[in-house]
Amino acid sequence: MSEIEKSEAPELEGSVARAEASLSRLLEWIRAADGRLRFVLPLTTAMLGALAVLVPPAANWTMLGGIAAAFAVFFLVLSIAFSACSSFPRTTGPLGSLIYFGGICSRDLQQFEATFREMNAEAYLSDLLKQCHRNAQIAERKYAWLQRAIGCLFVAAIPWAVAIFELYSRGA
């Protein structure tokens with residue numbers, strides 16, 4: 001190893017460590033988005049279910065109750081659709097990656113093992129950085145859809161409460 005390579009080795013190791021930490025943080029952000037969906041989707045579904053259970057016969061509907069229920073259902077259904085978009089798996093990754101499962105599975109075991117053993121620190125760092133970039137894109141998309149889902153849930157809350165009051169008071 002030349003003197004230049006020896007002096008660059010600690011810097012490269014530091015870069016690899018930072019990239020691994022960054023990838024780990026990004027994966028946690030993705031898990032956190034999925035964790036929030038575990039709250040949004042059941043709550044949205046329960047709100048729709050409550051409306052369905054309290055629907056009175058058509059003759060007992062009021063204009064206010066009907067309009068409020070329509071708005072609530074519209075935004076709750078949108079929330080469910082946006083939640084689905086957020087939770088949909090995004091499985092494309094950098095081509096030829098030795099970190100991403102799709103890149104690993106695209107090779108047979110012997111090919112993967114040989115390629116992995118030949119990988120140097122520079123190539124590993126490059127693969128890590130590509131993974132960081134791709135996972136940042138995934139996290140950004142997940143949070144964009146999640147924000148829409150939560151926003152629709154909040155927008156639906158007031159018309160839902162009005163509809164529940166109107167439907168319950170008419171059905172009782």
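Placed above this text is the structure.
Residues numbered from 1 in each chain as written. Predicted model: local features only at pLDDT ≥ 70, side-chain atom pairs only at ≥ 80, totals over all residues. Heavy atoms only, no water.

## Description of the overall build of the protein chain
Point 1. Across its full length, the protein chain carries five helices and zero strands.
Point 2. Helices (α) and strands (β) of the protein chain occur, in sequence order from the N terminus, as α-α-α-α-α.
Point 3. Over its C-alpha trace the protein chain gives a radius of gyration of 25 Å, far above what one expects of a compact globule, namely 16 Å for 172 residues.
Point 4. About 10,700 Å² of surface is accessible on the protein chain, with carbon and sulfur atoms providing 67% of the total. (Helix = DSSP H or I, 4+ residues; strand = E, 2+ residues; numbered from the N terminus. Rg over C-alpha atoms; globule rule 2.2 N^0.38 Å. Areas by Shrake-Rupley, 256 points an atom, 1.4 Å probe, with all protein chains shown as cover.)

## As for a nonpolar patch on the surface
Point 1. On the surface, Met63, Ile67 and Phe71 cluster together to form a nonpolar patch covering roughly 340 Å² of accessible area.
Point 2. Tracing the chain through its elements places Ile67 in helix α2 (residues 63-87).
Point 3. Owing to a relative accessible area of 43%, Ile67 belongs among the partly exposed residues under this scheme. (Patch = residues over 30% accessible without salt bridge, like charges linked within 9 Å, V, L, I, M, F, W, Y side chains within 5 Å. Salt bridge = Lys/Arg side-chain N within 4 Å of Asp/Glu carboxyl O. Buried < 20%, exposed > 50% of the residue type's maximum accessible area, 1.4 Å probe, protein only.)

## Details of the environment of Ala17
Point 1. Relative to the helices and strands, Ala17 resides in helix α1 (residues 3-53).
Point 2. Looking at Ala17, the relative accessible area reads 41%, which means it is partly exposed.
Point 3. Taking the C-alpha atoms as reference, Ala17 lies 35 Å from Arg148; in sequence the two are 131 residues apart.

## Some details on the nonpolar core
Point 1. In this structure, Val40, Leu51, Leu76, Leu146, Leu153 and Ala163 are the most contacted members of the largest nonpolar core, which totals 20 residues.
Point 2. Of all the elements in the fold, those that place two or more residues in this core are α1, α2 and α5 (121-171).
Point 3. The dominant element in this core, judged by the number of residues it contributes, is α5, at nine residues.
Point 4. Leave out the neighbours within four places in its chain, and Leu76 touches Thr44, Met47, Leu48, Leu51, Leu153, Ala156 and Trp160.
Point 5. Membership of the second largest hydrophobic core comes to eight residues, among which are Leu12, Ala19, Leu23 and Leu128. (Core = buried A, V, L, I, M, F, W, Y, C linked by side-chain atoms within 4.5 Å. Contact = heavy atoms within 4.5 Å.)

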